Amino acid sequence: MSLVTHTPVPRPPGRSGTADRARWRDLVGAEWIKFWSLRSTPVTLGVLAALYLYLAWRSGGQEYRSWPHYTPEMRDGFDAGHTAFPGPEWFAMMVGAGTVGALTVAGEHAGGLIRTTFTAVPARGRVVLAKAIVLTGVMTVLGFAVAVGSYTLSQAALGDRIPHHAVTQPDAMRAVAATTLLLPLCALVGMGLAAVIRVTAGSVFAVCALFVLLPPGLRVTGRQWLDPVVNAHPWFAWGRLTGTGNGHIVGSVPSFTAAWTAMAAWPVAAVAVAVVAMRVRDV
Amino acid sequence: MIEVNELTKRYGHTVAVDALTFTVRPGRVTGFLGPNGSGKSTTLRMLLGLCAPTSGTALIDGRPFRARGVALRHVGALLSADDVHPGRTARAHLAALARANGLPRGRVGEVLRDVGLTEVAKRRVGTFSLGMKQRLGIAAALLGDPPVLLFDEPVNGLDPEGVRWARELFRGLAAEGRTVFVSSHLMSEMENTADHLVVIADGTLVADEPLADFAARAGGGLEEAFMKLTGDRVRYRAGEVR
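Residues numbered from 1 in each chain as written. Chains lettered and ligands numbered in written order. Predicted model: local features only at pLDDT ≥ 70, side-chain atom pairs only at ≥ 80, totals over all residues. Heavy atoms only, no water.

Colleague: Would you explain the overall build of chain A in this entry?
Modeller: Along its length, chain A carries 12 helices and 0 strands. A principal-axis box enclosing the C-alpha atoms of chain A has dimensions of 80 × 45 × 35 Å. Scored against the burial criterion, the 283 residues of chain A give a buried share of 51%. The contacts of chain A with a sequence gap of at least 6 include a subset with a gap of at least 24, amounting to 79%. Accessible surface computed for chain A: about 12,700 Å², of which carbon and sulfur atoms make up 68%. (Helix = DSSP H or I, 4+ residues; strand = E, 2+ residues; numbered from the N terminus. Buried < 20%, exposed > 50% of the residue type's maximum accessible area, 1.4 Å probe, protein only. Contact = heavy atoms within 4.5 Å. Areas by Shrake-Rupley, 256 points an atom, 1.4 Å probe, with all protein chains shown as cover.)

Right under this line is the structure:
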């Protein structure tokens with residue numbers, strides 16, 4: 001490594017005045033740089049997108065092969081939304097998106113970068129909100145691409161054997177919109193968990209527990225009084241909104257309004273928790 | 001100028017910093033000395049708003065640190081060489097800091113050159129040696145060309161040439177009229193770098209005086225004076241159970 005003797009640092013222009021206000025454009029720009037400058041981030045997002053496009057194609061293909069064996073009732077109950085967005089397979093997407101969100105905060109705590117960050121920008125609340133803005137933007141774009149792509153591919157896989165259900169149908173658009181929102185929701189919830197837990201492994205475990213272990217654990221026969229809580233879980237709310245079928249719903253489901261409300265409340269609550277946790281605690 | 005007034009930090013029953021009062025003036029290098037666990041790093045963290053004081057105040061140029069929205073133009077700090085993300089390149093790390101503070105992009109290249117890391121700017125920080133990470137931390141502190149600079153153990157891991165470079169850097173920054181506050185355990189290095197000393201032990205102030213006066217106390221130089229004045233108040237000592 002070569003050594004350079006220190007030369008006096010020239011004063012940057014405009015250093016006097018009110019230059020110490022944290023500007024949103026700059027903070028979001030900084031978080032944008034941080035988000036994309038970790039090699040694992042684009043790789044994770046790319047793998048998730050490719051995987052779910054494939055899963056949608058495969059899911060459509062399974063329906064295509066099964067169709068001749070379906071009874072008329074089963075054919076009548078065909079659900080294009082759940083074919084494109086098969087619930088159990090989407091647990092991994094929720095964990096993936098949640099982990100990406102968690103790492104934006106846990107990654108800063110892991111080494112101590114958070115101290116450098118807050119030494120440069122004492123306005124901690126704005127730093128957290130800038131992170132949330134970047135996460136929301138990136139994950140919404142990814143969510144929309146995956147949602148439209150998955151739906152289109154699953155429809156294409158139906159071939160000429162199964163009646164198609166255009167993406168422009170209101171219930172198909174609802175499924176696409178809900179799926180678009182699911183990704184930023186999971187990412188922001190992951191960020192909120194990490195803001196409280198701080199440790200990477202603990203945050204990722206919490207994401208898994210919340211998104212994967214909790215849903216089957218919650219839905220237990222004999223605890224119907226718990227239904228409003230269960231229905232507010234992102235996976236159940238999203239599952240309700242992605243359904244386009246007209247048959248056999250078993251057990252309690254939320255109304256569409258309740259499902260949309262839950263999907264809106266989760267990210268808002270998560271960001272609020274993150275802002276408070278990061279503002280008040282020593283680092 | 002740094003003003004610390006009756007600054008106190010308690011963790012449960014442990015008092016890390018106990019009613020500490022001192023002032024760090026511009027135009028000279030002030031050394032911050034104390035045994036391990038004496039409260040140096042906690043004091044620096046309170047100065048930088050990273051942890052909240054139990055009581056007392058810590059002001060930099062008359063304002064609490066967290067009263068500012070962005071700070072790099074006012075205060076530059078290196079607390080630990082590990083306060084970086086190992087997966088990011090040196091350039092990306094500095095670029096994000098510069099961007100957050102609205103600093104011109106060109107500053108990143110300038111400070112990388114100043115600390116001698118231009119050639120490794122595109123390498124991930126995880127591959128850096130401790131000395132290289134120290135240089136990166138110093139680069140971050142210099143980004144905003146601030147009037148106040150804080151360094152916690154900045155020469156740890158630097159090679160002899162790097163130690164000399166850092167010494168000249170700190171003295172040069174002070175000569176330009178800046179406030180330079182440097183903690184260290186290396187007495188000989190402090191003797192060559194600092195003009196003034198703030199010495200603490202067990203979280204309380206032991207001395208706040210010119211280095212020459214402090215060193216004269218034991219008649220045998222800085223190390224002797226330090227051992228004499230803090231020797232009975234060392235929290236962690238090898239081969240001893242407390």
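Colleague: Hey, could you run me through the overall build of chain B in this one?
Modeller: Looking only at helices and strands, chain B has 8 helices and 10 strands in total. For a compact globule of 242 residues, the expected C-alpha radius of gyration is about 18 Å, and chain B comes in at 18 Å, within 12% of that figure. Across its three principal directions, the C-alpha atoms of chain B cover 50 × 40 × 40 Å. For chain B, with 242 residues in total, the buried portion stands at 57%. In chain B, 67% of the contacts between residues at least 6 apart in sequence involve partners at least 24 apart. (Rg over C-alpha atoms; globule rule 2.2 N^0.38 Å.)

Colleague: Would you mind showing me how to read the packing of helix H2 (residues 40-66) of chain A against helix H7 (residues 124-157) of chain A here?
Modeller: All names here are of chain A. It is the contact of H2 with H7, at a shortest axis distance of 8 Å, that shows an interaxial angle of 25 degrees. Judged by the inter-axis angle, H2 sits roughly parallel to H7. The handedness of the crossing between H2 and H7 is right-handed. On H7, the residues that touch Leu45, Ala49, Tyr52, Leu53, Ala56, Trp57, Gly60, Gly61 and Tyr64 of H2 are Val138, Met139, Leu142, Val146, Gly149, Ser150, Leu153, Ser154, Ala156 and Ala157. Within the contact of H2 with H7, the residues separate by chemical class into 14 nonpolar, 5 polar and no charged. (Axes fitted to C-alpha atoms, helices over the stretch in contact; angles between N-to-C directions. Parallel < 35°, antiparallel > 145°, perpendicular 65-115°, else oblique. Left-handed = near helix turned anticlockwise from the far one by under 90°. Nonpolar A, V, L, I, M, F, W, Y, C, P; charged D, E, K, R; others polar.)

Colleague: Help me out: how do you make sense of unusual backbone geometry in this one?
Modeller: Trans is the prevailing form of peptide bonds, just as negative phi is the prevailing case for residues other than glycine. Residues and elements named next belong to chain B. One non-glycine residue, Glu6, lies in the positive phi region at around 50 degrees. Take Glu6: it is sitting in strand E1 (residues 2-11). The exposure class of Glu6 is partly exposed, given its relative accessible area of 45%.

Colleague: I keep staring at the environment of Ile114(A) and nothing clicks. Help me out?
Modeller: All names here are of chain A. Along the polypeptide, Ile114 turns up in helix H6 (residues 113-120). Given the relative accessible area of 2%, Ile114 is considered buried. The spacing of Ile114 and Ala172 is 58 residues in sequence and 42 Å in space, taken between C-alpha atoms. Not counting residues up to four positions away in its chain, the partners in contact with Ile114 are Glu108, His109, Met278 and Val283.

Colleague: Sorry, what's going on with the packing of helix H4 (residues 130-142) of chain B against helix H5 (residues 160-175) of chain B here?
Modeller: For any two helices packed against each other, one specifies the crossing angle of their axes together with the interaxial distance. All names here are of chain B. Two elements in contact, H4 and H5, have axes separated by 12 Å at closest approach and are oriented at 15 degrees. Here H5 runs roughly parallel to H4, going by the angle between their axes. The way H4 lies across H5 gives a crossing that is left-handed. Listed contacts from H5 to Arg135, Ile138 and Leu142 of H4 are Gly162, Trp165, Leu169 and Leu173. For the contact of H4 with H5, the class distribution of residues is 5 nonpolar, 1 polar and 1 charged.

Colleague: Sorry, what's going on with the interface of chain A and chain B here?
Modeller: You'll often see interface size given as the accessible area lost when the parts meet. Every contact between the two is made by 45 residues of chain A and, on the other side, 55 residues of chain B. Counting each side, the surface lost to burial between chain A and chain B is near 4,500 Å², with a carbon and sulfur contribution of 54%. There are 5 salt bridges connecting chain A and chain B. Notably, a salt bridge pairs Asp20(A) with Arg68(B), separated by 3.9 Å at the nearest N-O pair. Counting across the chain A and chain B interface gives 17 residue pairs in polar contact (both at pLDDT 80 or more). Counting residues per element, the ones that place at least two in the side of chain A that touches chain B are helix H1 (24-36), helix H5 (91-111) and H6 of chain A. (Buried area = accessible area lost by both parts, 1.4 Å probe. Salt bridge = Lys/Arg side-chain N within 4 Å of Asp/Glu carboxyl O. Polar contact = N/O pair within 3.5 Å; in protein donor to acceptor, adjacent residues only side chain to side chain.)

Colleague: Honestly, the sheet that holds strand E5 (residues 63-64) of chain B in this entry has me stumped. Any pointers?
Modeller: The strands that make up a sheet are held in pairs by hydrogen bonds between backbone atoms, and each pair lies either parallel or antiparallel. All names here are of chain B. Overall, antiparallel pairing links the 4 strands, which are arranged E2-E1-E4-E5 in an open sheet. At either margin of the open sheet sits one strand with a lone partner, and together these are strand E2 (14-24) and E5. Sheet strands in contact with helix H1 (residues 40-47) are E1, E2 and strand E4 (55-60), and its direction is about 115 degrees off that of E1. (Pairing = 2+ DSSP bridges.)

Colleague: What is the right way to read the pattern of salt bridges from this model?
Modeller: Side-chain pairing between opposite charges can occur once the charged atoms of the two side chains come close. Tallying each qualifying case throughout the model produces 19 salt bridges over all chains. A salt bridge links Arg107(B) to Glu110(B); the shortest N-O distance between them is 2.7 Å. Taken together, the positions of Arg107(B) and Glu110(B), both in helix H3 (residues 106-115) and 3 residues apart, correspond to about one turn of that helix. With relative accessibility at 3%, the residue Arg107(B) sits in the buried group. For Glu110(B), a relative accessible area of 22% gives the class partly exposed. In this structure, the salt-bridge partner of Arg178(B) is Asp145(B), at a minimum N-O distance of 2.7 Å. Note that Arg178(B) is positioned in the loop between H5 and strand E8 (179-183) and Asp145(B) in the loop between H4 and strand E7 (148-152), a separation of 33 residues in sequence. Here Arg178(B) matches Asp145(B) in class, with each residue buried. Where salt bridges share partners, they join Glu31(A), Lys34(A), Glu108(A) and Lys131(A) into one cluster.

Colleague: Even after reading the chapter, I still don't get the nonpolar core, so can you show me in this structure?
Modeller: Nonpolar side chains in soluble globular proteins generally cluster together in the buried interior. With 160 residues, the main nonpolar core has Leu150(B) and Phe181(B) as its most contacted residues. Of the residues forming this core, the biggest block, 14 residues, is contributed by helix H8 (residues 170-197) of chain A. (Core = buried A, V, L, I, M, F, W, Y, C linked by side-chain atoms within 4.5 Å.)

Colleague: Sorry, what's going on with a nonpolar patch on the surface here?
Modeller: Residue and element names in this part refer to chain A. Together, Leu51, Tyr54, Trp57 and Leu153 line one region of the surface with nonpolar side chains, adding up to about 380 Å² of accessible area. The element that contributes the greatest number of residues to the nonpolar patch is H2, accounting for 3 residues. Along the polypeptide, Trp57 turns up in helix H2. Overall, the relative accessible area of 43% leaves Trp57 in the partly exposed class. (Patch = residues over 30% accessible without salt bridge, like charges linked within 9 Å, V, L, I, M, F, W, Y side chains within 5 Å.)

Everything listed here is a matter of coordinates, which is why it stays silent on function.
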